[in-house]
Amino acid sequence: MTSSIDALFERKHRIENKINKLREKSEAKMVKQHGIETPEQLDAMLQKSIDDHGMVR
């Protein structure tokens, strides 16, 4: 039983890591595309994108 729970947590962590890597790539692309220079500008751009698409960050 414990090993299957451990396997599920391991899988969850792998998926979360993949999502984070994709998010970082996406953010880096946005930075380059929009000439963002500060973390505040990036946060504002991401929040606008989230608001526009109705997604949860």
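Residues numbered from 1 in each chain as written. Predicted model: local features only at pLDDT ≥ 70, side-chain atom pairs only at ≥ 80, totals over all residues. Heavy atoms only, no water.

## What about the pattern of salt bridges?
Enumeration according to the criterion identifies two salt bridges in this entry. Residues Glu-16 and Lys-12 are paired through a salt bridge, measuring 3.0 Å at the closest nitrogen-oxygen approach. Here Lys-12 and Glu-16 lie together in helix H1 (residues 2-34), a separation of four residues that amounts to about one turn. In this structure Glu-16 comes out as partly exposed when scored by relative accessible area, which is 33%. Accessibility expressed as a relative area gives 40% for Lys-12, which makes it partly exposed. (Salt bridge = Lys/Arg side-chain N within 4 Å of Asp/Glu carboxyl O. Helix = DSSP H or I, 4+ residues; strand = E, 2+ residues; numbered from the N terminus. Buried < 20%, exposed > 50% of the residue type's maximum accessible area, 1.4 Å probe, protein only.)

## A few points about the environment of Lys-25
The residue Lys-25 is located in helix H1 in this model. What makes Lys-25 exposed here is its relative accessible area of 62%. Note: C-alpha distance between Lys-25 and Ile-15 (10 residues apart in sequence) is 15 Å.

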